[in-house]
Amino acid sequence: MANTSMRQSTLETLGLGSVLDIFARGQLPVTASDLVDEVFGEPARRGSLVISGANGIVGAGKAMQLGSRLRPFDVPIVALDFANAPDGIGKHYGGLVRAFGRERASKIMEGITRLSYDGKHLPPRLKDSQPRFLLEAIPEVLDIKKSHYEIFRAEFPHIEIRSVTSGFPSSQLGVPIAHPAFPHEVNKVWEIIEPQPSRITQLFWALGLIPTPVSDHWSFVLDVLFCGLTLAGLRYHPATNMPFWKIDKYIRRQLGPNPFRAHDAIGAKGANFLTWSCLHHLAEHYGDLFKPTEDLDQRRESGQNWYPPNHFRPVVNWKMQDGEQTEFEAWISGALIQMTSLMLHEARAHLSHLNIIGELCAQFRHGILADIRRLGADAAINTVHAYQVLHPQAAKSAWYPDVFEQIEGVDWQQLYVNAEHDGSVGVITVGRESYNHDVDAELNRAIDWLKAARVERVIITGDFHLSTQMIGADTDDFFPALQDETKGRDIARSWSETARRLHDEFRCSVAFVNGKRCLGGFLELMMHCHYMVAVATAELGMPEVTLPVVPGMEGCHWPFRKAKPEEWPRLLGLLLTGELVRANDTVGWLVDYAGPVNEALKTAWKIVTEREHDVPRRVVEDGPLKGLGSQVSDVAGPSGSDADAARRAIVDTVLASCQATLAESIAIQAKHSARFMTGEHCRRGVVGAAFKKTMTV
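So, how was this worked out
Residues numbered from 1 in each chain as written. Predicted model: local features only at pLDDT ≥ 70, side-chain atom pairs only at ≥ 80, totals over all residues. Heavy atoms only, no water. Domains from an automatic or database assignment. Contact = heavy atoms within 4.5 Å. Buried area = accessible area lost by both parts, 1.4 Å probe. Salt bridge = Lys/Arg side-chain N within 4 Å of Asp/Glu carboxyl O. Polar contact = N/O pair within 3.5 Å; in protein donor to acceptor, adjacent residues only side chain to side chain. Helix = DSSP H or I, 4+ residues; strand = E, 2+ residues; numbered from the N terminus. Phe/Tyr/Trp six-rings, centres within 6.5 Å; stacked < 30°, edge-to-face > 60°. Buried < 20%, exposed > 50% of the residue type's maximum accessible area, 1.4 Å probe, protein only. Pairing = 2+ DSSP bridges. Axes fitted to C-alpha atoms, helices over the stretch in contact; angles between N-to-C directions. Core = buried A, V, L, I, M, F, W, Y, C linked by side-chain atoms within 4.5 Å. Right-handed = clockwise from strand over helix to strand, strands pointing away.

**Here's the deal with the domain arrangement of the chain**
- Per the domain assignment, the segments of the chain are domain 1 (31-213), domain 2 (221-309 + 321-411) and domain 3 (416-695).
- Here domain 2 and domain 3 have C-alpha centroids that lie 36 Å from each other.
- The partner domain 3 presents 16 residues to the 15 residues of domain 2 that form the contact.
- In total, domain 2 and domain 3 occlude about 1200 Å² of area from one another, counting both sides; carbon and sulfur atoms represent 46% of this.
- Counting the contacts that link domain 2 with domain 3 gives 5 salt bridges.
- On inspection of domain 2 and its partner domain 3, the count reaches 11 residue pairs in polar contact (both at pLDDT 80 or more).
- Mapped by element, the contributors of at least two residues to the side of domain 2 that touches domain 3 are α10 (244-254), α15 (351-362) and α16 (368-375).

**Let's talk about the packing of aromatic side chains**
- Enumeration over the complete set of coordinates arrives at 22 aromatic pairs.
- Ring geometry for W331 and Y387: centres 6.1 Å apart, planes at 75°, overall edge-to-face. Linking W331 in helix α14 (residues 322-345) with Y387 in helix α17 (residues 377-390), this pair joins segments that are 56 residues apart in sequence.
- Overall, the relative accessible area of 6% leaves W331 in the buried class.
- When the centroid spacing of 6.3 Å and the interplanar angle of 50° are considered together, the rings of W399 and F404 count as tilted.

**Brief notes about the sheet that holds strand β17 (residues 531-535)**
- With respect to topology, 7 strands assemble into an open sheet ordered β1-β10-β11-β13-β15-β17-β20, the strand pairing being mixed. The sheet terminates laterally at β1 (4-5) and β20 (593-595), the two strands that pair on one side only.
- Of the pairings in the sheet, the one linking strand β11 (residues 425-430) to strand β13 (residues 457-462) comprises 6 bridges and is parallel in character. Looking at β13, one finds that G426 is bridged to V458.
- Seen against the sheet, helix α19 (residues 437-452) touches β1, β10 (417-421), β11 and β13 and runs at an angle of roughly 15° to β10.
- Relative to strand β15 (residues 508-513), helix α24 (residues 597-608) is tilted by about 170°, and along the sheet it contacts β11, β13, β15, β17 and β20.

**Re the nonpolar core**
- Formed by 171 residues in total, the largest nonpolar core has its most connected members in F290, F404, I428 and F560.
- Top element by residues in this core is helix α9 (residues 221-240). It accounts for 11 residues.
- Setting aside its immediate chain neighbours within four residues, F290 contacts V224, L231, R235, L279, L282, A283, M339 and L342.
- Within the second largest apolar cluster, 62 residues are counted, among which are L14, A54, V97 and A600.

**Comments concerning the pattern of salt bridges**
- Taken as a whole and assessed by the stated rule, the structure comprises 33 salt bridges.
- Measuring nitrogen to oxygen at the nearest pair gives 3.2 Å for the salt bridge that ties E680 to R684.
- Look at E680 and you get partly exposed, because its relative accessible area is 44%.
- What makes R684 partly exposed here is its relative accessible area of 49%.

**Details of unusual backbone geometry**
- With an omega of -15°, the peptide bond running from L547 to P548 counts as cis.
- For P548, the position within the fold is in the loop between β18 (539-541) and α22 (558-562).
- Positive phi values are uncommon outside glycine, yet Q363 reaches one of about 65°.
- Given a relative accessible area of 60%, Q363 falls into the exposed group.
- A positive phi angle is found at F464, which is not glycine, with a value near 60°.
- Of note, F464 is situated in the loop between β13 and β14 (472-473).
- Residue class for F464 comes out buried when judged on its relative accessible area of 8%.

**Some words on the pairing of strand β9 (residues 210-213)**
- Relative to β9, strand β8 (residues 189-193) is paired through 4 bridges, and the arrangement is parallel. Residue pairing in the sheet places I192 in a bridge with P213 of β9.
- Taking the sense of rotation as the criterion, the β-α-β connection linking β8, helix α8 (residues 199-206) and β9 turns out right-handed.

Here it is, written out as structure tokens:
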């Protein structure tokens, strides 16, 4: 039977097949070493990566990001810029040392050759490095960019070129685009524009980056969202005379980001120009919805920060009334929803890409499509209409309400979680790094879909693309529970019930940990499967004690019910220290198999297809666990610190839930978790601080 899926896998947009294909083959679709050979040549004749404009923010950041990943393959990096350009590369050395240690950082820097040129002639020494790939990061002037490509093509006719342009379409540039999302030094997302998936794009994926194909239109998904959000705040300013720093606080409460603070942090002089340039070109093609304001026009020239020094900020801390809050939401969300309608009309990207780019790159609390989905089509359209009353010029163009008619379709409904099957084996993939209510709802729909197809064997894993790790529960979802114990119990119980479906409703379920780490709530989810298979180097952990919160998805009893009594101290250590452990060191008491990625893939497939394998299936104990009390009796009580209080609360939860039956324990753990969340220790910790910073304006 041919494979069937709920929606297209985002991995397929890279030309890399489906996740089910990966497991069936028992290997990743491509490897970095093979692709390096294809792009840069065999080791004996290895060509170079040239980054032009290498001392700029983008060029220097990408020199570090790509240089560190290509160093093991001995790919030379050539950093090309004007002789008088400030040293943008050297300032990154400290960050490399912090990330990799001094020795490896020095090796990465040794692999970067810096060359200067006059902008018209390439330096003769460049030939020595045999350039194979040019990543262009020079200033945003179209004619200069085109001349730059001509110079390189005249000297190196077969060189691959990608532009990091902040807004020009590929059709204008004449080259494909690899647009890196900000913050340029660390973010892994690249928006890719090319006729079809190339080996360079696939190499980015194999190196652990996140390429996301988008359509060839002016500006990019991230820039429309982030620059559009900045513009919405700019328009609100003259309408109310609210200062930019205060607008930032309300935007953070509503959506998550601080657009004005981000401009200052990146460097207002450059960031203001890039935002103005993006909006200027968008306005030329789509109308007044994107027209820059006078404030932005002025600060494009001056480079002035948006935030004043702390001591110049007004002391008065006024709050919006209900009517003002509704109007603010119309100014901000109405503009973003209208801009999103344009991107949907143009089919700018796979909906999962379009949705998550704002989260991964611009710190949106939820993806823009997830927020619109939560509103519903009618409410979303009404929000835009309210915005157009406030800003009538926006109604003249770039408004496509019909796109929201598809909101009940599977592409909209499964933004984060996908499922596929071959008639007998299903694979559920999660494309979000933190677990929240959206993921929970989509996971339940994916399970329902597989059950309707009579699939009884399943693998659950990350999506091998957008989610490079599973970092646990999204603590923003805990905000309501800080003030209402009932809401905390509801979250813990409902999420645990979802996790139990993986154990109770399939004949065989396999959790596969393929990313860098699997922590907290995601680890609790995965441990509910009959088997857990992991890449040996993946890091596992229960960091809740450091927040502090009490694990709420059965981490305080489920793993104990599957482990031997002699392994219980290790599980307690995991819970009470918050330290991470390598998957390879947890075989038998947390994971059931750990090995190199291809061996782990083969093992997971053998298990789920019920072929011969030597991985034992550990049984979950239904009744109370005997003897656990004596093992935790020596755990110290609270000494006054919040972490000590959390350790005591976790121990109490372990004892209470493990000494009950499996049926009783789900409510017991949920109660303990919710009670601690409303207490002073949690409110003083990471979650409480985030709540205060985000929601208190």
